[in-house]
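Coordinate analysis (summary)
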Amino acid sequence: MVSHTEENYLKAIFKLSEKDKISASTNAISKEMNTSAASVTDMLKRLAEKDLINYEKYKGVTLTKKGNTLATNLIRCHRLWEVFLLEKLDFSWDEVHDIAEQLEHIKSDKLTERLDRFLEYPKFDPHGDPIPDAEGNFTYRKQVLLNDLKENEKGIVVGVNEHSSSFLQYLDRHHLNLGAQIKVLEHFDYDSSKKINLNDQADLILSSKVCQNLFIQKS
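Residues numbered from 1 in each chain as written. Predicted model: local features only at pLDDT ≥ 70, side-chain atom pairs only at ≥ 80, totals over all residues. Heavy atoms only, no water.

Quick look at the layout of surface pockets
Using the following cut-off: Definitions used throughout: a 1 Å grid over protein atoms alone; a cavity as a set of points that fits a 1.4 Å probe which cannot get out; a pocket as an open set with protein on both sides within 12 Å along at least five of seven lines; a lining residue as one with an atom within 4 Å of a point. Grid points are joined across faces, edges and corners, and a volume is the space filled by probe spheres set on the points. Segments assigned H or I by DSSP are reported as helices when at least four residues long, segments assigned E as strands when at least two residues long, and all are numbered from the N terminus. Side-chain classes follow a simple rule in which Ala, Val, Leu, Ile, Met, Phe, Trp, Tyr, Cys and Pro form the nonpolar group, Asp, Glu, Lys and Arg form the charged group, and the remainder, Gly included, forms the polar group.
For the second largest pocket, the calculated volume is near 340 Å³. Considering the residues around the second largest pocket, the lining is formed by 17 residues, among which Leu70, Asn73, Cys77, Lys107 and Asp109 are closest to the centre. Residue assignment for the lining of the second largest pocket shows that the elements contributing at least two residues are helix H4 (65-88) and helix H6 (109-118). Considering each element in turn, the lining of the second largest pocket owes the most residues, five residues, to H4. Taken together, the residues of the lining of the second largest pocket break down into seven nonpolar, four polar and six charged.

What follows is the structure, given as structure tokens:
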């Protein structure tokens, strides 16, 4: 048996490895899980004993085939529940993550398959993250951070790089939701902020932090 805490560690290692395309360090896992490095080391030893990770002290962590399958299934369940909560129960995109964190641990392949079918097999969750299919395949698309768009370039908001409630609520207030159309009008070297036009209507000045956390599909 794998505990909920162990599952959360597997998911964290998967995300860190996927993001950086390298093994996850103990310090990165500690930051992701918001716990001490000593606690992380103890957990990694347990996961290694269960053949869920490849762990060698000071050399980082990777998932075994078994660990990768468990992590992928967790992510699939989590993101499907997020879609369900937003589309069918009218939760907002800043509310769904914490609830999905609890629902993802329900161990029922039949429930997951029926949920996927009921939602008509969505490819992306409410935050723009890809949802793996039953075989663990992700659908990826070409996207860049708004920070990388140059003046006069256009695009559509397709995802967020930060999932905090405060950030998502900030985006809501400025109507910077998925599907919003953006054109970069001006880049300010002083603080790396940008002036954009939103949906051919309002002009906004966005901070560098916001630009570093919005994924755009160029158009």
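Regarding the nonpolar core
For clarity, the threshold we go by: Definition used in this section: a nonpolar core is a set of buried Ala, Val, Leu, Ile, Met, Phe, Trp, Tyr and Cys residues joined via side-chain atoms within 4.5 Å. Note on exposure labels: buried denotes an accessible area under 20% of the residue type's maximum, exposed denotes more than 50%, and partly exposed covers the range between, all computed with a 1.4 Å probe on protein chains only. By the convention used here, residues are in contact when the closest approach between their heavy atoms is within 4.5 Å.
Counting residues in each nonpolar core, the largest one holds 20 residues, and the members touching the most others are Leu146, Val160, Leu171, Leu176, Ile182, Leu206 and Leu214. Residue assignment for this core shows that the elements contributing at least two residues are strand E4 (154-160), helix H7 (165-173), strand E5 (181-188), strand E6 (193-198), strand E7 (202-206), helix H8 (208-211) and strand E8 (214-218). The element best represented in this core is H7, accounting for three residues. The contacts of Leu206, once residues within four sequence positions are left out, are Leu146, Tyr170, Leu176, Ser193, Lys194, Ile196 and Cys211. Formed by 19 residues, the second largest nonpolar core is a distinct cluster that contains Val2, Phe14, Val40 and Leu44.

A closer look at unusual backbone geometry
The backbone of Asn152 shows a phi angle near 75°, a positive value even though the residue is not glycine. Mapped onto the fold, Asn152 is located in the loop between strand E3 (144-145) and E4. Residue classification places Asn152 among the exposed positions, given a relative accessible area of 56%. Although it is not a glycine, Ser192 adopts a positive phi angle of roughly 60°. Position of Ser192 among the secondary structure elements: in the loop between E5 and E6.

Quick look at the sheet that holds E8
Inclusion rule: Only strands joined by at least two bridges in the DSSP assignment are considered to pair.
One open sheet holds the six strands; their spatial order is E3-E8-E4-E5-E6-E7, and the pairing between them is antiparallel. Each edge of the open sheet carries a strand with a single partner, namely E3 and E7. With five bridges connecting them, E6 and E7 associate as antiparallel partners. Residue pairing for E7: Lys194 is matched across the bridge by Leu206.

As for the packing of aromatic side chains
Rules: The rule is short: rings of Phe, Tyr and Trp, with Trp giving its six-membered ring, pair when the centres are within 6.5 Å, and they are stacked under 30 degrees, edge-to-face over 60, tilted in between. Criterion for a charge above a ring: Arg CZ or Lys NZ at most 6 Å from the ring centre, at most 35 degrees from the ring normal.
What the rule picks out here adds up to four aromatic pairs. Relative to Phe138, the ring of Phe14 lies with its centre 5.9 Å away and its plane at 25°, an arrangement referred to as stacked. Of this pair, Phe14 sits in helix H1 (residues 4-20) while Phe138 sits in the loop between H6 and E3, and the two are 124 residues apart along the sequence. In this structure Phe138 comes out as buried when scored by relative accessible area, which is 17%. A ring pair is formed by Phe84 and Phe118, whose centres lie 6.3 Å apart and whose planes are at 55°; its orientation type is tilted. In this pair, Phe84 sits in helix H4 while Phe118 sits in helix H6, placing the two residues 34 residues apart along the sequence. A relative accessible area of 18% places Phe84 in the buried class. We note Lys88 situated over the ring of Phe118; from NZ or CZ to the ring centre the distance is 5.3 Å. Between Arg141 and the ring centre of Phe124, over which it is positioned, the NZ or CZ distance is 3.8 Å.

Notes on the packing of H4 against helix H5 (residues 96-103)
What counts here: Note on method: axes are straight lines fitted to C-alpha atoms, helices fitted across the in-contact stretch only, with angles between N-to-C directions ranging 0 to 180 degrees. Angles are sorted into four bins: roughly parallel if under 35 degrees, roughly antiparallel if over 145, roughly perpendicular if 65 to 115, and oblique for all others. Each crossing is labelled by how the near helix is turned from the far one, with a counterclockwise turn of less than a right angle marking it left-handed and a clockwise turn marking it right-handed.
As a packed pair, H4 and H5 sit with axes 9 Å apart at the nearest point and diverge in direction by 130°. One way to sum up the angle between H4 and H5 is to call them oblique. The hand of the H4/H5 crossing is right-handed. Within the contact between the two elements, H4 uses His78, Trp81, Glu82, Leu85 and Leu86 and H5 uses Val96, His97, Ile99, Ala100, Glu101 and Leu103. Of the residues belonging to the contact of H4 with H5, the class tally is seven nonpolar, two polar and two charged.

A closer look at the pattern of salt bridges
The following threshold applies: Salt-bridge detection follows one rule: a side-chain nitrogen of Lys or Arg within 4 Å of a carboxyl oxygen of Asp or Glu.
Enumeration over the complete set of coordinates arrives at ten salt bridges. The shortest N-O distance in the salt bridge between Glu6 and Arg46 comes to 3.1 Å. Taken as a pair, Glu6 in helix H1 and Arg46 in helix H3 (residues 37-49) lie far apart in primary sequence, 40 residues in all. The exposure class of Arg46 is partly exposed, given its relative accessible area of 41%. Across the salt bridge formed by Glu104 and Lys11, the nearest N and O atoms sit 2.8 Å from each other.

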